[in-house]
Amino acid sequence: VREAFLVLGMQVNVIAEKVSSGQNEQPIGLRATFDGAFYRTLILSVRHADIPCIGIESGIVPITRGTTIDLAVVIVRMPPDGKCFIATSSGIETPQECFEEAERRGFLTTTAGTVLAEKRGGDPTDPIATLTSGTLTRIDVLIAGISLALVLALILIPVASLPAR
């Protein structure tokens, strides 16, 4: 999150807190991924009502039979009214055999990234680095999604609320 603010030319004090998403270890579908990010944002907003809160959840989104995309939903919730601004990270196709093996083991406790790391090596929390041979990382992709949500929340919306000329 700090890096996303820096991309936008803003230096801020970021408070990082690990908060449960209320979802399986591997959320499946855009709705479950959204719900996880929203739940995190909501919990943080209760704890820190006077500052912007950001919830992020990564998940697997089935596109067609045999094709799934790994992406993250980012939600920025702004005080004082709690208005939410939503964006996603770029997605990357998940190897079908990894998705199916994680499904067989159970998404409650197993992610496709864990299976990918077992098969190809790498960090189970960073399938993007594994799939791109280190060219991009999960952080690289998340920065873009977080930056987009921040632009909506901090830059575009205040401008849109100005009176028309």
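Notes on the structure in this doc start here. Bear in mind the structure is a predicted one, so any value in this text is a computation, not a measurement.

Thoughts on the packing of helix 3 (residues 96-105) against helix 4 (residues 112-120)
Following both chains from N to C, one finds helix 3 and helix 4 inclined at 120°, their axes separated by 8 Å at the closest point. The angle between helix 3 and helix 4 places the two elements in the oblique class. As for the relative orientation of helix 3 and helix 4, their crossing is right-handed in sense. Contact residues: helix 3 offers E97, C98, F99, E101, A102 and R105, while helix 4 offers A112, V115, L116, E118, K119 and R120.

Brief notes about the pairing of strand 3 (residues 83-88)
When strand 2 (residues 67-78) meets strand 3, the two strands line up antiparallel, connected through six bridges. For I75, the partnering residue across the bridge sits in strand 3 and is I86. Where strand 2 hands over to strand 3, the hairpin turn is made up of four residues, of which G82 adopts a positive phi near 80°.

What counts, and where the lines are drawn
- Residues numbered from 1 in each chain as written.
- Predicted model: local features only at pLDDT ≥ 70, side-chain atom pairs only at ≥ 80, totals over all residues.
- Heavy atoms only, no water.
- Axes fitted to C-alpha atoms, helices over the stretch in contact; angles between N-to-C directions.
- Helix = DSSP H or I, 4+ residues; strand = E, 2+ residues; numbered from the N terminus.
- Parallel < 35°, antiparallel > 145°, perpendicular 65-115°, else oblique.
- Left-handed = near helix turned anticlockwise from the far one by under 90°.
- Contact = heavy atoms within 4.5 Å.
- Pairing = 2+ DSSP bridges.

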